[in-house]
Protein chains: 2
Amino acid sequence: MSKRLMLLSNSTMHGRGFLDHAADEIKDFLGDVDRLLFVPYALHDRDGYASKVRDRFADLGIDVDSLHDVDNEEEAVENAQALFIGGGNTFRLLSALYELNVIEPIRRRVEGGMPYVGSSAGTNMACPTIRTTNDMPIVEPPSFAALNLIPFQINPHYTDPEPGSTHMGETREDRIREFHEMNRIPVLGLREGTWLSVEAPHVELGGNVNARLFQAGKAPEELEPGASLDFLLSKKP
Amino acid sequence: MSKRLMLLSNSTMHGRGFLDHAADEIKDFLGDVDRLLFVPYALHDRDGYASKVRDRFADLGIDVDSLHDVDNEEEAVENAQALFIGGGNTFRLLSALYELNVIEPIRRRVEGGMPYVGSSAGTNMACPTIRTTNDMPIVEPPSFAALNLIPFQINPHYTDPEPGSTHMGETREDRIREFHEMNRIPVLGLREGTWLSVEAPHVELGGNVNARLFQAGKAPEELEPGASLDFLLSKKP
């Protein structure tokens, strides 16, 4: 079975409800899945987060188990029909995955064809490392190595420079340029409202705005919704 | 000799030259120092950075040696009259300090009274850890533990929420709230144009706008320029 991932830049668009902007596509992607395993560790309030996700997926006819509620996490991953890793703080999320020893079980299941939905920090998790997260390093994971389900990096919530801003912090593009001073691997900037559908060997950009691709030593490129990004799966890190 | 630090939020204000907004105060702080050791590792172009810093301090009548140019880094720290750690990427900077084995020598000298000037990433370095940096984790340091010269965290380039923004990434205040879900230590948000002068046991806020203090379990507080923050030195992490 081919590897299948749906990686969202963000879970919520300004002025809309949780996952509303991509609900139809998530439902299509999950096909006949009727029970999902949710990973809530990016937020502090795991019960609240699980309850929000449970309500949202109930509307799609999908039941939800939360990883923080199960007796045996590895077994829950082993038996899941599909996985959804929600957004929040990437460092907190990755630390929890290490602590629970679920990195390898998740990798194995996704490599074997279990559908994976990630948003924001959950999208960072699918990358080789968390080196392109936007989050504050509020806790220290044992390593920056993440699930490594795709051979390139994603920068979620990608944002263009604010015209007229007088703030002197680095723009997102500056930060990714600095990333490429130290790393060679491509970085796909996913603007809010976009997502990446990976059905190996195919990769397609979803949503209604462009993504921006950064490659070491090249000028950034704008990619349009619907664009095939299959070439990214064959990139060597 | 008492511990002396000048910790700037940022090195450059919009529309002004490098360090211009605090040049008089840096000169006052350094007193009769006529030679400074500069730490350029937060940027990739160390030669370019050292040359920019050398030119700027020449205007203040101060010569500059750059740590990347010396034969023996530990010895250079041992013999320095004063230290300036410039801004850039905090993860890259901390990785370099570990690699060069200068963490302990710098700590020892600053504890012994050597004046320390930091800006942005150089200000993050003075904190117990880099857990309140804004930077992208483009490289993985062996630890998030930093120089630990002060017993609280600083968030440089502190910025208020943009009115009317539709971007769904966390605001700076959200990020620091998430920090306090996982840590107890106070965080001082230094807006651009401000700095902290530490002359133990005294701590004073410099610049012309407020700073914002975040403490676990308390509402954030606004602190005015000139405010005494001596109480921060006695906080237990």
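You'll find the structure just up there.
What you see is a predicted model, and the numbers here were worked out from it, not measured in a lab. (Residues numbered from 1 in each chain as written. Chains lettered and ligands numbered in written order. Predicted model: local features only at pLDDT ≥ 70, side-chain atom pairs only at ≥ 80, totals over all residues. Heavy atoms only, no water.)

> Sorry, what's going on with the overall build of chain A here?
For chain A, the helix and strand inventory stands at seven helices and 11 strands. Computed over C-alpha atoms, the radius of gyration of chain A comes to 17 Å, within 12% of the 18 Å expected from 2.2 N^0.38 for 237 residues, which places it in the range of a compact globule. Referenced to the eigenvectors of the C-alpha coordinate spread, the extents of chain A come out at roughly 50 × 35 × 35 Å. Among the 237 residues that make up chain A, the fraction classed as buried is 58%. Residue pairs in contact within chain A that sit at least 24 positions apart in sequence constitute 68% of those at least 6 positions apart. Total accessible area on chain A stands at roughly 9400 Å², and carbon and sulfur atoms take up 45% of it. On chain A, the mean spot of the 23 positive side-chain charges and the mean spot of the 37 negative ones are 5 Å from each other. (Helix = DSSP H or I, 4+ residues; strand = E, 2+ residues; numbered from the N terminus. Rg over C-alpha atoms; globule rule 2.2 N^0.38 Å. Buried < 20%, exposed > 50% of the residue type's maximum accessible area, 1.4 Å probe, protein only. Contact = heavy atoms within 4.5 Å. Areas by Shrake-Rupley, 256 points an atom, 1.4 Å probe, with all protein chains shown as cover. Lys, Arg positive; Asp, Glu negative; His and termini not counted. Charge placed at Lys NZ, Arg CZ, Asp CG, Glu CD.)

> Explain the environment of S120 of chain B to me, please; I cannot follow it from the model alone.
Residue and element names in this part refer to chain B. For S120, the position within the fold is in the loop between strand 5 (116-119) and helix 6 (121-124). For the pair formed by S120 and L223, sequence separation is 103 residues and the distance between their alpha carbons is 19 Å. For S120, the residues in contact, after removing those within four places along its chain, are L8, S9, N10, G87, P156 and H157.

> Can you walk me through the sheet that holds strand 8 (residues 194-199) of chain A in this structure?
Paired through backbone hydrogen bonds, the strands of a sheet run either parallel or antiparallel to each other. All names here are of chain A. A sheet is described by the order of its strands in space; here seven strands give the open sequence 3-2-4-5-1-8-9, paired in mixed fashion. The sheet is open, and its two borders are formed by strand 3 (63-66) and strand 9 (202-207), each paired with just one other strand. Neighbour-to-neighbour, the strand axes of the sheet open up by a mean angle of 20°, direction not taken into account. The pairing of strand 2 (residues 35-39) with strand 4 (residues 83-85) spans three bridges and is classified as parallel. Each bridged residue has a counterpart across the sheet, and for F38 the counterpart in strand 4 is F84. (Pairing = 2+ DSSP bridges. Axes fitted to C-alpha atoms, helices over the stretch in contact; angles between N-to-C directions.)

> I keep staring at the relation of the copies chain A and chain B and nothing clicks. Help me out?
Each copy of the sequence occupies a distinct position, and chain A is placed on chain B by a rotation of 180° and an axial shift of 0.0 Å, giving an RMSD of 0.0 Å. Both copies of the chain, as the preceding transformation shows, are related through a two-fold rotation axis. Residue by residue, 100% of the interface of chain A is reproduced at the interface of chain B, so both copies engage with the same surface. (Least-squares fit on C-alpha atoms with pLDDT ≥ 70 in both.)

> Looking at this structure, I do not really get the pairing of strand 6 (residues 153-158) of chain A. What am I missing?
The buried count for strand 6 of chain A comes to six of six residues, which makes it a mostly enclosed element. A crossover connection joins strand 6 of chain A to the parallel strand 7 (residues 187-191) of chain A through helix 7 (residues 172-182) of chain A; in handedness this β-α-β unit is right-handed. (Right-handed = clockwise from strand over helix to strand, strands pointing away.)

> Just to check I follow, could you spell out the interface of chain A and chain B for this structure?
Note on interface size: it is often stated as the accessible area lost on association of the parts. Contacts between the two partners involve 42 residues from chain A, matched on the other side by 43 residues from chain B. Across the chain A to chain B interface the summed buried area is about 3600 Å²; carbon plus sulfur atoms make up 59%. Remark: the boundary between chain A and chain B carries four salt bridges. Of the charged contacts, one joins E181 of chain A and R92 of chain B as a salt bridge, the two residues approaching to 2.6 Å between their closest N and O atoms. Where the side of chain A that touches chain B is concerned, the elements lending two or more residues are helix 4 (90-99), strand 6 and helix 7 of chain A. Ranked by residues supplied to the side of chain A that touches chain B, first place goes to helix 7 of chain A with seven residues. Its residues assigned to classes, the side of chain A that touches chain B shows 15 nonpolar, 17 polar and 10 charged. (Buried area = accessible area lost by both parts, 1.4 Å probe. Salt bridge = Lys/Arg side-chain N within 4 Å of Asp/Glu carboxyl O. Nonpolar A, V, L, I, M, F, W, Y, C, P; charged D, E, K, R; others polar.)

> Quick question: what am I supposed to make of the pairing of strand 6 (residues 153-158) of chain B here?
Taken residue by residue, a regular strand's side chains alternate between the two faces of the sheet. Of the strand pairs in this sheet, strand 6 of chain B and strand 7 (residues 187-191) of chain B are connected by four bridges, and their pairing is parallel. When the bridges of strand 7 of chain B are listed, Y158 of chain B appears paired with R191 of chain B.

> What is the right way to read the sheet that holds strand 2 (residues 35-39) of chain B from this model?
All names here are of chain B. Taken in spatial order, the seven strands make up an open sheet running 3-2-4-5-1-8-9, and their pairing is mixed. Either end of the sheet is taken by a strand with one partner, and the two such strands are strand 3 (63-66) and strand 9 (202-207). Neighbour-to-neighbour, the strand axes of the sheet open up by a mean angle of 20°, direction not taken into account. The pairing of strand 4 (residues 83-85) with strand 5 spans three bridges and is classified as parallel. For F84, the partnering residue across the bridge sits in strand 5 and is V117. Helix-sheet contacts for helix 2 (residues 46-58) involve strand 2, strand 3 and strand 4, and the interaxial angle to strand 3 is about 165°.

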